[in-house]
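Observations on chain architecture
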There are 8 protein chains.
Amino acid sequence: MNEETLRALLESITRGEQSVDDAVSKLKNLPFEDIGFAKVDHHRQLRCGFPEVVYCEGKTVEQVAAIFSRCAATEGNVLATRASQSVFDAVSATNPQATYHEAARVITLRKTDAKPSAGTIAVVSAGTSDIPVAEEARITAEIMDQRVTAIYDVGVAGIHRLLAHRAALTEANVIVVAAGMEGALPSVVAGLVDCPVIGVPTSVGYGASFGGLAALLAMLNSCGSGVTVVNIDNGFGAGYAAALINRRCRDRDP
Amino acid sequence: MNEETLRALLESITRGEQSVDDAVSKLKNLPFEDIGFAKVDHHRQLRCGFPEVVYCEGKTVEQVAAIFSRCAATEGNVLATRASQSVFDAVSATNPQATYHEAARVITLRKTDAKPSAGTIAVVSAGTSDIPVAEEARITAEIMDQRVTAIYDVGVAGIHRLLAHRAALTEANVIVVAAGMEGALPSVVAGLVDCPVIGVPTSVGYGASFGGLAALLAMLNSCGSGVTVVNIDNGFGAGYAAALINRRCRDRDP
Amino acid sequence: MNEETLRALLESITRGEQSVDDAVSKLKNLPFEDIGFAKVDHHRQLRCGFPEVVYCEGKTVEQVAAIFSRCAATEGNVLATRASQSVFDAVSATNPQATYHEAARVITLRKTDAKPSAGTIAVVSAGTSDIPVAEEARITAEIMDQRVTAIYDVGVAGIHRLLAHRAALTEANVIVVAAGMEGALPSVVAGLVDCPVIGVPTSVGYGASFGGLAALLAMLNSCGSGVTVVNIDNGFGAGYAAALINRRCRDRDP
Amino acid sequence: MNEETLRALLESITRGEQSVDDAVSKLKNLPFEDIGFAKVDHHRQLRCGFPEVVYCEGKTVEQVAAIFSRCAATEGNVLATRASQSVFDAVSATNPQATYHEAARVITLRKTDAKPSAGTIAVVSAGTSDIPVAEEARITAEIMDQRVTAIYDVGVAGIHRLLAHRAALTEANVIVVAAGMEGALPSVVAGLVDCPVIGVPTSVGYGASFGGLAALLAMLNSCGSGVTVVNIDNGFGAGYAAALINRRCRDRDP
Amino acid sequence: MNEETLRALLESITRGEQSVDDAVSKLKNLPFEDIGFAKVDHHRQLRCGFPEVVYCEGKTVEQVAAIFSRCAATEGNVLATRASQSVFDAVSATNPQATYHEAARVITLRKTDAKPSAGTIAVVSAGTSDIPVAEEARITAEIMDQRVTAIYDVGVAGIHRLLAHRAALTEANVIVVAAGMEGALPSVVAGLVDCPVIGVPTSVGYGASFGGLAALLAMLNSCGSGVTVVNIDNGFGAGYAAALINRRCRDRDP
Amino acid sequence: MNEETLRALLESITRGEQSVDDAVSKLKNLPFEDIGFAKVDHHRQLRCGFPEVVYCEGKTVEQVAAIFSRCAATEGNVLATRASQSVFDAVSATNPQATYHEAARVITLRKTDAKPSAGTIAVVSAGTSDIPVAEEARITAEIMDQRVTAIYDVGVAGIHRLLAHRAALTEANVIVVAAGMEGALPSVVAGLVDCPVIGVPTSVGYGASFGGLAALLAMLNSCGSGVTVVNIDNGFGAGYAAALINRRCRDRDP
Amino acid sequence: MNEETLRALLESITRGEQSVDDAVSKLKNLPFEDIGFAKVDHHRQLRCGFPEVVYCEGKTVEQVAAIFSRCAATEGNVLATRASQSVFDAVSATNPQATYHEAARVITLRKTDAKPSAGTIAVVSAGTSDIPVAEEARITAEIMDQRVTAIYDVGVAGIHRLLAHRAALTEANVIVVAAGMEGALPSVVAGLVDCPVIGVPTSVGYGASFGGLAALLAMLNSCGSGVTVVNIDNGFGAGYAAALINRRCRDRDP
Amino acid sequence: MNEETLRALLESITRGEQSVDDAVSKLKNLPFEDIGFAKVDHHRQLRCGFPEVVYCEGKTVEQVAAIFSRCAATEGNVLATRASQSVFDAVSATNPQATYHEAARVITLRKTDAKPSAGTIAVVSAGTSDIPVAEEARITAEIMDQRVTAIYDVGVAGIHRLLAHRAALTEANVIVVAAGMEGALPSVVAGLVDCPVIGVPTSVGYGASFGGLAALLAMLNSCGSGVTVVNIDNGFGAGYAAALINRRCRDRDP
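Summary of the structure given here. (Residues numbered from 1 in each chain as written. Chains lettered and ligands numbered in written order. Predicted model: local features only at pLDDT ≥ 70, side-chain atom pairs only at ≥ 80, totals over all residues. Heavy atoms only, no water.)

Things to note about the overall build of chain A
Counting its secondary structure elements, chain A contains 11 helices and 11 strands. Within chain A, the fraction of its 254 residues that count as buried is 63%. Contacts spanning at least 24 positions in sequence make up 66% of the contacts within chain A whose residues lie at least 6 apart. Accessible surface, chain A: about 8,700 Å² in total, of which carbon and sulfur atoms supply 51%. (Helix = DSSP H or I, 4+ residues; strand = E, 2+ residues; numbered from the N terminus. Buried < 20%, exposed > 50% of the residue type's maximum accessible area, 1.4 Å probe, protein only. Contact = heavy atoms within 4.5 Å. Areas by Shrake-Rupley, 256 points an atom, 1.4 Å probe, with all protein chains shown as cover.)

Concerning the pairing of strand β4 (residues 78-81) of chain G
Residues and elements named next belong to chain G. Side chains of β4 alternate between two faces, with V78 and A80 and L79 and T81 buried alike. Alignment of β4 against strand β6 (residues 106-109), held across 3 bridges, turns out to be antiparallel. When the bridges of β6 are listed, A80 appears paired with I107. (Pairing = 2+ DSSP bridges.)

What about the sheet that holds strand β4 (residues 78-81) of chain B?
Residue and element names in this part refer to chain B. With mixed pairing, the 4 strands of this open sheet are ordered in space as β3-β4-β6-β5. Each edge of the sheet is formed by a strand with only one pairing partner; in this case those strands are β3 (54-55) and β5 (99-101). Helix α6 (residues 131-143) contacts β4, β5 and β6 (106-109) of the sheet and is inclined by roughly 15° relative to β6. (Axes fitted to C-alpha atoms, helices over the stretch in contact; angles between N-to-C directions.)

Some thoughts on the interface of chain F and chain H
Many analyses report the size of an interface as the accessible area lost when the parts associate. On the chain H side, the residues contacting the 34 residues of chain F number 35 residues. Roughly 3,100 Å² is buried in total at the junction of chain F and chain H, and carbon and sulfur atoms are behind 51% of that figure. For chain F, the biggest contributors to the area lost against chain H are F:L220, F:R248 and F:R250; these three give 24% of the whole. At the surface where chain F touches chain H, the tally comes to 2 salt bridges. For H:R248, the salt bridge goes to F:D194, with nearest N and O atoms at 3.2 Å. Taken together, chain F and chain H are joined by 10 residue pairs in polar contact (both at pLDDT 80 or more). (Buried area = accessible area lost by both parts, 1.4 Å probe. Salt bridge = Lys/Arg side-chain N within 4 Å of Asp/Glu carboxyl O. Polar contact = N/O pair within 3.5 Å; in protein donor to acceptor, adjacent residues only side chain to side chain.)

What to know about the packing of helix α4 (residues 61-72) of chain B against helix α5 (residues 85-94) of chain B
Residue and element names in this part refer to chain B. Running from N to C, α4 and α5 cross one another at 40°; their axes reach a closest spacing of 9 Å. As judged from the angle between their axes, α4 and α5 are oblique. The crossing of α4 and α5 is right-handed. Side by side, α4 and α5 meet where V61, V64, A65, F68 and S69 of the first sit next to S86, V87, A90, V91 and T94 of the second. (Parallel < 35°, antiparallel > 145°, perpendicular 65-115°, else oblique. Left-handed = near helix turned anticlockwise from the far one by under 90°.)

Some details on helix α5 (residues 85-94) of chain D
Residues and elements named next belong to chain D. Taken as a whole, α5 has its buried residues at V87, F88, V91 and S92. One face of α5 carries all of its buried residues, which in axial projection span an arc of 125°. Exposed residues on α5 whose side chains face more than 90 degrees from its buried face are A93 and T94. Those residues of α5 that are buried are in contact with α4 (61-72), β5 (99-101) and β6 (106-109). (Arc of directions from axis to C-beta.)

Considering the packing of helix α10 (residues 213-220) of chain F against helix α10 (residues 213-220) of chain G
The interhelical angle for the contact between α10(F) and α10(G), taken along N-to-C directions, is 125°, at an axis separation of 8 Å. The angle between the axes of α10(F) and α10(G) places the two elements in the oblique class. Seen along the crossing, α10(F) lies across α10(G) with a hand that is left-handed. Packed against α10(F), whose contacting residues are F:L213, F:A214, F:L217 and F:A218, the element α10(G) presents G:L213, G:A214, G:L217 and G:A218 at the interface. In terms of residue class, the contact of α10(F) with α10(G) is built from 8 nonpolar, no polar and no charged. (Nonpolar A, V, L, I, M, F, W, Y, C, P; charged D, E, K, R; others polar.)

With respect to the interface of chain B and chain C
Each partner contributes residues to the interface: chain B has 23 residues there, and chain C has 23 residues. Roughly 1,900 Å² is buried in total at the junction of chain B and chain C, and carbon and sulfur atoms are behind 72% of that figure. Counting every contact that joins chain B to chain C gives 0 salt bridges. The dominant element in the side of chain B that touches chain C, judged by the number of residues it contributes, is helix α10 (residues 213-220) of chain B, at 5 residues.

Topic: the side chain of H:D130
Tracing the backbone shows H:D130 in the loop between β7 (120-125) and α6 (131-143). Put simply, H:D130 is tucked away with no salt bridge, and the nearest opposite charge, on B:K59, sits 8.5 Å away. Leaving out residues up to four positions away in the same chain, H:D130 has contacts with H:S125, H:A178, H:A179, H:G180, H:T202 and H:V204. (Lys, Arg positive; Asp, Glu negative; His and termini not counted.)

Structural notes on the relation of the copies chain F and chain H
Once chain F has been moved 0.1 Å along the axis and rotated by 180°, it coincides with chain H to within an RMSD of 0.1 Å. On this basis, the relationship between the two copies can be described by a two-fold rotation axis. Both copies share a contact surface, since 100% of the interface residues of chain F are interface residues in chain H too. (Least-squares fit on C-alpha atoms with pLDDT ≥ 70 in both.)

Digging into the packing of aromatic side chains
Applying the stated criterion across every chain yields a total of 24 aromatic pairs over all chains. Relative to F:Y206, the ring of E:Y55 lies with its centre 6.0 Å away and its plane at 35°, an arrangement referred to as tilted. Of this pair, E:Y55 sits in strand β3 (residues 54-55) while F:Y206 sits in the loop between β10 (197-201) and α10, on two different chains. Judged on exposure class, the residue E:Y55 and its partner F:Y206 are both buried. A cation over a ring is seen here: E:R82 above F:Y206, with NZ or CZ 3.8 Å from the ring centre. (Phe/Tyr/Trp six-rings, centres within 6.5 Å; stacked < 30°, edge-to-face > 60°. Lys NZ or Arg CZ within 6 Å of the ring centre and 35° of its normal.)

Details of the sheet that holds strand β5 (residues 99-101) of chain C
Residue and element names in this part refer to chain C. With mixed pairing, 4 strands are arranged side by side in an open sheet as β3-β4-β6-β5. Unpaired on one side and paired on the other, β3 (54-55) and β5 mark the two borders of the sheet. Of the strands in this sheet, β3, β4 (78-81) and β6 (106-109) are in contact with helix α4 (residues 61-72), which crosses β4 at around 160°.

A word on the pattern of salt bridges
What the rule picks out here adds up to 40 salt bridges over all chains. With a closest N to O distance of 4.0 Å, B:R82 and B:E136 form a salt bridge. Placement of B:R82 in the loop between β4 and α5 and of B:E136 in helix α6 is noted, with a sequence separation of 54 residues between them. A residue is classified by how much of its surface remains accessible, and B:E136, at 4% relative accessible area, is buried. With a closest N to O distance of 3.0 Å, B:R110 and B:D145 form a salt bridge. Placement of B:R110 in the loop between β6 and β7 (120-125) and of B:D145 in the loop between α6 and β8 (147-152) is noted, with a sequence separation of 35 residues between them. Shared partners join several salt bridges into a network, and the residues in it are A:E135, A:R138 and A:E142.

Quick look at the environment of D:D145
Residues and elements named next belong to chain D. Distance in space between the C-alpha atoms of D145 and T112 is 9.3 Å, their sequence separation being 33 residues. Once residues within four sequence positions are removed from consideration, D145 is found in contact with N77, R110, T112, A114, K115, P116 and S117. A polar atom in the side chain of D145 sits 3.0 Å from the side chain of R110.

A look at the pairing of β7(B)
Remember that side chains alternate between the two faces of the sheet whenever the strand is regular. All names here are of chain B. Burial runs high along β7: 6 of the 6 residues are buried. Here β7 shows two buried faces, one formed by T120, A122 and V124 and the other by I121, V123 and S125. Of the pairings in the sheet, the one linking β7 to β8 comprises 6 bridges and is parallel in character. Each bridged residue has a counterpart across the sheet, and for T120 the counterpart in β8 is R147. Between the parallel pair β7 and β8, the chain is carried across by α6, and the sense of this crossover is right-handed. Both β7 and strand β9 (residues 174-179) contribute to a ladder of 5 bridges, which runs parallel. Paired with A122 across the two strands is I175, which belongs to β9. (Right-handed = clockwise from strand over helix to strand, strands pointing away.)

Here we look at α5(B)
Buried within α5(B) are the following residues: B:V87, B:F88 and B:V91. On its buried face, α5(B) is in contact with α4, β5 and β6 of chain B.

Section: the state of the cysteines
Residues and elements named next belong to chain C. The full count for this structure, using the stated rule, is 0 disulfides over all chains. C56 forms no disulfide, and the closest cysteine sulfur to it belongs to C71, at a distance of 11 Å. We classify C56 as buried; its relative accessible area is 3%. (Disulfide = S-S within 2.5 Å.)

A few points about the environment of D:T81
By the element assignment, D:T81 lies in strand β4 (residues 78-81). Once you skip the residues sitting within four places of it in the chain, D:T81 turns out to touch D:V53, D:V54, D:Y55, D:C56, D:R105, D:V106, D:E136 and D:F236.

See below:
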């Protein structure tokens, strides 16, 4: 609700086109649906460009299933992250079209058939062990109707594997790079391209990796300009931000 | 050097248009200038879209002045960050057109007069104390020819101050948010808009702020989707990434 | 035992109303009950306003059951926190009126029927996943005879959900806010009200949440005045402190 | 602005008592004053019960002086924290009635002569070195018109010093305890009283004190119920929260 | 082997009383027994006053059983710490006199019947949950023939419980204090006595206890003089050091 | 591909000995094999002196088995680390000659019968509990055709055990030292020898060991010159680096 | 005040030997002297065996001088730690007999001429840079009338230097070991002797020493039994605890 | 002193060739020189291959000058690290041939004119700001008579600068890589060569670099095999270890 719509609403009152009670109701609250343990934010698609996403961890199976169904009753696609198999079982009982992506632990329900974006997001993983996080990013961006190119297992220990995919990197509007251990890959990628790079540190590693802290710090200190970072293992966050960027990009010259 | 230019180069050899020695030289190295203590990367503008930026900390005044002059001898604008007054004095001795931005500790030298971008970047600060970091972001983006709107001192302790600028936030293609202390502002901003938000934790605070760690962790754990993060006090990094995003954005419908 | 009672006791000796031995015994120790592995502090209700609370973690099931029964033998209500189902089974065997609150992992035994307080405590949760901690706070305050209003799932990613409950927040004498991830909610709430806010960081989150550390640091660095903080997931501590505050508050003007 | 005032405003429009433009202006923004580098939140006193407090660190001397003067132009008392002598010199140039509290590094300007509260806040320090932080709490509470009792240098290494002040502790409505090193004092105090205790860890100590972290963690893990905690060295925060609590407390029976 | 015995050995060579080969062998190595995966240090009793202690964690059941049996074949008492039930089963198969202390997870085998020391060690626990660690200290000291007084559940939240045992504390030559959470008890105890206090932080607690780190830091920063500290949950280390101290203490005047 | 081979390749084009297409293909990429979820780096043996090593953690059993088989199809020996028994079962199904080293959790497949090196690597463990990590180092070095001397359980608490092996230490070209707890052994060893020492901190310990952090920091701060360090529990890394050093060492004078 | 003296006091009241008022005064408080900003604990010598020690950091020069003078007015020796030269100047103005130990930053004032203890404390430093901390320990123990042997610069990088002082180590009743960097020395010393060892980590080192954290963790994880630890750079604490131990030790057989 | 020399010594006694007293003296101690505050370890060159190095930090100017002179009185070259200009002034007063390397803060005194090694060490820095640390490594290795190739400012943000020096990297026997910020360079270098790589994290960076911690963790978690690590900014340690490796390397085939 911006100034213009506010003015329009107020003028409609002075013209008697709607009652004060209606205006109070409209002005007081933006819409959400209160189901007791959750307040489902149906307004988010308008405000933020994508419906509320269901984060499953810390919720009971019943809570997730109920929230998912409320989201599914609206128009947009639905995404649930950090979902276990048992969560999916409960969700699919009432939403049989929902799909479970096991490696990424993500549930999607596609309800629209929008054409994918013209421009592409590149999703890159340093190692095979980083693929689940990269997949979470890829699936998130795709359910938001973005075109994604996946380039996996191109870590810095064999830099020629990365250089072999230079063309795909150069074509992307934004690149998501998932890497654990020393988290060096986003720096190297950022040195090769002229688009933003979103680093996703993964918890792959052991000992002084401290659950991904090493990779996180490395990415935050990247000497490569244009790198921003999301939380450890937060493939969803990277995919979401990449989608927000890509859908605003103009088509490039052929 | 991509596959096409590689093929062209090789074909020119078979046609005798250039010697093997020339080709070896071109194939072996991408261009940089070696001045002993530094290898100035003149190729970066082609590769990454902006010339190499001079990070002054840890370099002697003489080293910065020399590198700055080499950069100034190329065509693009020049940017030096974390510059003290004494560094600027040395730089301006040989580059009298250079400008010093004291609060942000940044030196700029504008050599092109490109038109600013149509779309805008919003740069937001939570408090007055966060302004120097926000200014580093603003100046970085502007020297990269992007249009910036600055919105300062709108932290969450008085949320109405932020809400009053909702229109400017909504118009931006990307928003940089600098905040210290609890670092909550990027989460709140991300909940209001549908564009990417880049959080810059600042070292403003004391005690358990741990030099900005509190704000950094808060931003990495943001419940607001679309938030990515740069290093503590890294206004430059945020401004650079925002510029990379904004210059790819298509013009919005009027 | 303050100066007055001390003086009275001593004077009663000089009057021969009680023996030196009795006085020694009274002066030497405040009352507690030694059951070997525990010294149950029956004096606490007089001293601190609520009986000793049983913290179950690290105690054997048998130890908890024994301590609980000793507490139940006094006059006040009994509260046991961090109780597993098997602990409750042992407790309820000898205390069949005890109630188990599964989500909050709390056992209560109400033995008095005091009227709830006139003033209210608001207990707020940022997300659905934070509800167990919020519930621990709510149940703690209620067993201490305080009136509680629960407002759940109103995190900062959709700030309108919070603003819709502004009236309830404004009416409270003290507000408990449980939030994980970036822990921003107490700051925002404190900016809206004129009563103390107790932040409870929760361990909801992953990666750089570091088990709730991110939210803890955020709350400690809150830019909102009037915020104090308890340990991560310590709903009990927040509820207890809120009860101590609320029961001292005068009734507000109607 | 609550539902009632909103309804009243809207009805006044329908009655033509005020124009749409006026209503837009009132509805759009809560009041604050924009002075470029700061947005002074004059609404805070209504909303939160005390005017905005000026946090001086990270601001230039000129910025603090300007903000202070704007605050002084309103009706309430003014408080500035973390103020150096040079900041005070600038402030007092235009506000000659302002007072500098050197140990606490606080500036106050009393403009009202409200009667102090009937109930008291006890402010306790563990050692002599903790007094500056305790003083910041005391001055904050007093400028908010609360009555304070100061009890200094009663740390746990000589527990009899604390026990000698038991009466003053028992009379307080809320107790602020500033302690560095091992931060044990709030736990001991909380075991003696039935009112809320606010722990302020101080950075007094060395080595594994880690700038107050040891005391902070100790207080967060207090086994004494009713303890909440503020940031390291945050005497202001503790005094402010204590004032919010104390002014709501009913007078106790004589 | 000190200078005197060295001189004696060398002189015996010059007198031909023993061969060069024998002397080489004696001079080259102090005695230990090599059983492949371990080098059992039978010399330690002479050197350090107690046989090598078997730390079970990280060793296979077979390794522990073998090392234990080698130790049992010497003259002294045997102690194995961090032993699971299955380790004890393997040990007792060949050492039926061995005893398992379940709470403390310790195995002892008493082979001497030395009279306990005249002086006493006090072992104190803050809460019931700290008892397993305190027991590890008690059993360690007792198998080293020291007299121990156990005082459990006397934490600072009810300081009168501790004060009631002041006589026992005052009589001890050294006091071991096991405490989790805020770890305040050693400071308070050290303020009451004139003997050394060994603090054992325990991992009892949650959240910002960080597995005992809070208690560890508190004890290291104790304002009570005479406090030294061992590792988190290291009841063995505290009991061992206390035993080394106590056995050197002279008998006190009757 | 170095400058010489590049020149040769280019000259062969000018002579028409190979087509431009072939040269493009050779110049563009160094060889690797893309099997979808992994890009097996067959070029590594040429480049780095040993084939790619399979790190099993975070990969599915099927992924490891597939990568292992591809590696086994080349000429060199194969090494897989952090392998569980179930991983080995899958690997050995198609590679029956593979061997599982249970304590070290390593799979080896020897395909060459190279003579071990003349010079030796000493692998030392501080305690019995550190042996699995030491074994990972030993097996890694041996599969790389290096001669290894193992010296286990010679920690600093009984320094004579170490001194007894001084000859073996002095003979080595490089020494790997695995130690947990306080990680002191590399410092002591480095003070006895004139060859490089590689410290491997292990996660053996508890409490303030913080999973090996204590040992890691100790080794990084070693006062013994010539000590370098690898990640916690990274026996593989130490063994690999030791092998790289040892195979370059000249034979020593007899 | 123990049970006996309590009984005696009470009986004297019944016999009319002293008034109730006197008894109230004696029973209510243990003695301390309140000088406003400090409560000097004159009772400590009786209770803890040594007068209160003045910790100078965080106190103003005036405060230290005042407290020191009050302590000097009692009978015992006086010790002030962490004293700068300017603090000493103020102290010596009114206490001309006071001595300043510059390296250790300690002020002593000897008022008694007690004979030093028969048994000795060994104070050991790993390097020359650790000497200031070792000296603080030595001076503390000596002002408490204990005999001290100093052995400096015997770190583990040249273990023979330590072994050369084995006799002095063996003779001591307790050993203080100050070491920075990797903090290995207490472990090695503890392996050589049968008396308690008190480790003092120092902040000597850089980088991953983290201000002495590395040495602290190492000592806490010592594999040598009988090691306890004090705070980083806390020479005072180690010397004090060592003095408490040594003065209880019986004379050894000649 | 090994078994052979021991046997020879003992046999000389039996033959009366030397006295028992002489033998006691030789057997008891390895040689060092005790100058009060330091025990200069003249034996180290024999034992470890290079004389003791003087670490200046934490020592007074006088102490350094005295130790340096003692070292200079032996035969080998002398090296002092972390030396300020004022330290050098004192040293050069009595050692006029000593040289000060300002950037590296190192003093050297060359007393031998040994021929540099045939094989080379490559010392690489990521940025210009890392050069001081790299120089400390270079000077250390050179004073130990090793040949060094320096390659500076070749960080991963412009990977072509590194690739241009591939030949020099391939020729080295061991490579030292100094890098701050994200510390990625050692991983990339290790992927290009077949020799050991020693990473030196530098404290270059800010914010979440945490004084070099980010680079340190990155290097410890390197995915490139053959990487070992030294302390932050420890150029000396890296150069020393590299020298130990290089001097053992056999000459390579021409």
